[in-house]
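As a plain string of letters, each chain reads:
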Amino acid sequence: MNRYRPEGTLIATYENREAVSSLSGLERAMQSGRILEGLAVMCDEDLNITVDLCGIKGIIPKKEALYSDEEVKDIAVITRVGKAVCFKVMGIETDKEGRAVAVLSRRAAQIECMQNYVLSLRSGDIIEARVTHLEQFGAFVDIGCGIVSLLSIDCISVSRISHPRDRFAVGMPIKTVVKSIDYDTGRVYVTHKELLGTWEENAADFAVGKTVAGIVRSIEEYGVFIELTPNLAGLAEIRDGVEVGQTAAVYIKNIIPERMKIKLVIIDSGFAETKISEPWYFCSDAEHIDRWQYSPNGSQRKIVTEF
């Protein structure tokens, strides 16, 4: 099992709670070099992070808050407050009142993760991640010990979306595929759509004559794109009152595999509360893929990802 998990994965486990709940547990973790997690509860004026260790005070000095070859930015430290942070125990000291204080290093945990895990990854490896931040151009995801990777918006799904929040929520655990790695800088780029099924796998749940629910994703001069699944969209004729973001009841008029086309008729549409749910993956047990072909074999257009 991968020991270098996204931050927040370990904090509630029995093994982690046992290790951080006593001075002896922290000392054993220090001796073994074990990576633990705790909740960052405060950042002082010197940007030192206080970590709750079940009654024992833990401190991550600013310079130990982040693995970076550059100066650690204040915002990168402040935004850890209220979140789980990974760390290695570097020492046990005593404060002025005689109480034990654990000196911690998130940076040391990230260096180990980078050297022993991230730099050993290959393009096509399927890895766990956790969404940390959403921007118009993509989602930032934690791929291990708080090391962040970019998942660009065009790699999230085949069906087009206007913003990553259409798919993800901050804190959501997801699976990703390693797209590329810059071994000089340690930057990792990931993709996601290859795990959401091919055109045929998605279209198998639909048939001509059915009326199904979808989401209006874009309106063009030639029609309205309706998302049926994250990796499958159909095209309907323009209809008055239809807006991007609405849910729609659509009648399936035709399915044409060789053109990867699903022709729809909008029956009704309107705004409804939609809940962001965790993605459904078609290759849940796979650990690596070398090639992914979205398009059917007989399709006039080929959509392929080579890793």
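Fair warning: this is a prediction, and the values are worked out from it, not measured in the lab. (Residues numbered from 1 in each chain as written. Predicted model: local features only at pLDDT ≥ 70, side-chain atom pairs only at ≥ 80, totals over all residues. Heavy atoms only, no water.)

Some thoughts on the side chain of arginine 5
Then comes step 1: Within the secondary structure, arginine 5 is located in the segment before α1 (14–20).
Then comes step 2: Ignoring any residue separated from it by four or fewer positions in sequence, one finds arginine 5 in contact with Glu128, Gly144 and Cys145. (Helix = DSSP H or I, 4+ residues; strand = E, 2+ residues; numbered from the N terminus. Contact = heavy atoms within 4.5 Å.)

So, the environment of aspartate 46
Then comes step 1: Its place among the elements puts aspartate 46 in the loop between β1 (35–43) and β2 (49–53).
Then comes step 2: Considered as a pair, aspartate 46 and aspartate 74 are 28 residues apart in the sequence and their alpha carbons are 9.7 Å apart.

A closer look at the pairing of strand β5 (residues 100–105)
Then comes step 1: Summarising burial for β5: five of the six residues are buried, a large majority.
Then comes step 2: Across three bridges, strand β3 (residues 56–60) lies against β5 in parallel orientation. For lysine 57, the partnering residue across the bridge sits in β5 and is valine 101.
Then comes step 3: Summarising the sheet, strand β4 (residues 84–94) and β5 pair through six bridges and their orientation is antiparallel. Bridging across to β5, valine 89 finds its partner in leucine 104. (Buried < 20%, exposed > 50% of the residue type's maximum accessible area, 1.4 Å probe, protein only. Pairing = 2+ DSSP bridges.)

Digging into the sheet that holds strand β11 (residues 211–220)
Then comes step 1: The strand order around the closed barrel formed by five strands is β11-β12-β13-β15-β14, and the pairing between neighbours is mixed. Pairs of neighbouring strands in the sheet enclose a mean axial angle of 50°, with direction left out of account.
Then comes step 2: Bridging between strand β14 (residues 247–256) and strand β15 (residues 261–270) involves nine bridges; their strand directions are antiparallel. When the sheet's bridge partners are listed, alanine 248 is paired in β15 with serine 269. (Axes fitted to C-alpha atoms, helices over the stretch in contact; angles between N-to-C directions.)

Examining the side chain of threonine 191
Then comes step 1: Among the secondary structure elements, threonine 191 is positioned in strand β10 (residues 187–191).
Then comes step 2: At a separation of 2.7 Å, a polar atom in the side chain of threonine 191 contacts the side chain of glutamate 194.
Then comes step 3: Ignoring any residue separated from it by four or fewer positions in sequence, one finds threonine 191 in contact with Leu151, Cys155, Thr176, Val177, Lys179 and Phe307. (Polar contact = N/O pair within 3.5 Å; in protein donor to acceptor, adjacent residues only side chain to side chain.)

Section: the pattern of salt bridges
Then comes step 1: What the rule picks out here adds up to 13 salt bridges.
Then comes step 2: For glutamate 112, the salt bridge identified is with arginine 3, shortest N-O distance 3.5 Å. Separated by 109 residues along the polypeptide, glutamate 112 in helix α4 (residues 106–116) and arginine 3 in the segment before α1 bring together distant segments of the chain.
Then comes step 3: Glutamate 112 gets classed as buried once you look at its relative accessible area, which sits at 13%.
Then comes step 4: Residue class for arginine 3 comes out partly exposed when judged on its relative accessible area of 46%. (Salt bridge = Lys/Arg side-chain N within 4 Å of Asp/Glu carboxyl O.)

Here we look at a positive patch on the surface
Then comes step 1: Among the surface-exposed residues, Lys253, Arg259, Lys261, Lys263 and Arg301 lie close enough to one another that they form a single positively charged patch.
Then comes step 2: With respect to the helices and strands, the residue lysine 261 is situated in strand β15.
Then comes step 3: Using a relative accessible area of 38% as the deciding quantity, one classes lysine 261 as partly exposed. (Patch = residues over 30% accessible without salt bridge, like charges linked within 9 Å, V, L, I, M, F, W, Y side chains within 5 Å. Areas by Shrake-Rupley, 256 points an atom, 1.4 Å probe, with all protein chains shown as cover. Lys, Arg positive; Asp, Glu negative; His and termini not counted. Charge placed at Lys NZ, Arg CZ, Asp CG, Glu CD.)

Here's the deal with the nonpolar core
Then comes step 1: Formed by 35 residues in total, the largest nonpolar core has its most connected members in Val118, Ile143, Phe168 and Ile174.
Then comes step 2: Taken together, the elements giving at least two residues each to this core come down to α4, β6 (126–135), β7 (138–144), β8 (147–152), β9 (173–182) and β10.
Then comes step 3: Among the elements that take part in this core, β6 stands out by supplying five residues, more than any other.
Then comes step 4: Look past the residues within four positions of isoleucine 174 in its chain and what remains in contact with it is Ile127, Glu128, Ala129, Val131, Val141, Leu151, Phe168, His192, Pro279 and Tyr281.
Then comes step 5: Trp199, Phe206, Val212 and Ile226 belong to the second largest nonpolar core, which has 21 residues in total. (Core = buried A, V, L, I, M, F, W, Y, C linked by side-chain atoms within 4.5 Å.)

Comments concerning the layout of surface pockets
Then comes step 1: Of the pockets and cavities examined, the largest pocket occupies roughly 1,400 Å³.
Then comes step 2: In terms of lining residues, the largest pocket is bounded by 40 residues, among which Leu66, Tyr67, Gly146, Ile147 and Val148 are the most central.
Then comes step 3: When contributions to the lining of the largest pocket are tallied by element, the ones reaching two or more residues are α3 (74–78), α4, β6, β7, β8 and β10.
Then comes step 4: Broken down by class, the residue content of the lining of the largest pocket amounts to 17 nonpolar, 11 polar and 12 charged. (1 Å grid on protein atoms, 1.4 Å probe; cavity = no way out; pocket = protein on both sides within 12 Å on 5 of 7 lines; lining within 4 Å. Points joined across faces, edges and corners; volume = space filled by probe spheres on them. Nonpolar A, V, L, I, M, F, W, Y, C, P; charged D, E, K, R; others polar.)

Examining the packing of aromatic side chains
Then comes step 1: Counted under the stated rule, the structure contains four aromatic pairs.
Then comes step 2: Geometrically, the ring pair formed by tyrosine 4 and tyrosine 117 is stacked, given 6.2 Å between the ring centres and 25° between the ring planes. You can see tyrosine 4 sitting in the segment before α1 and its partner tyrosine 117 sitting in the loop between α4 and β6, a full 113 residues away along the chain. Taken individually, tyrosine 4 and tyrosine 117 each receive the classification buried, so the pair is uniform in this respect.
Then comes step 3: Plain terms: the ring middles of phenylalanine 137 and phenylalanine 140 are 5.9 Å apart, the flat faces sit at 90° to each other, and that makes the pair edge-to-face.
Then comes step 4: Classification of phenylalanine 137 by relative accessible area gives partly exposed; the value is 45%.
Then comes step 5: Residue phenylalanine 140 is classed as partly exposed on the basis of its relative accessible area, which comes to 24%. (Phe/Tyr/Trp six-rings, centres within 6.5 Å; stacked < 30°, edge-to-face > 60°.)

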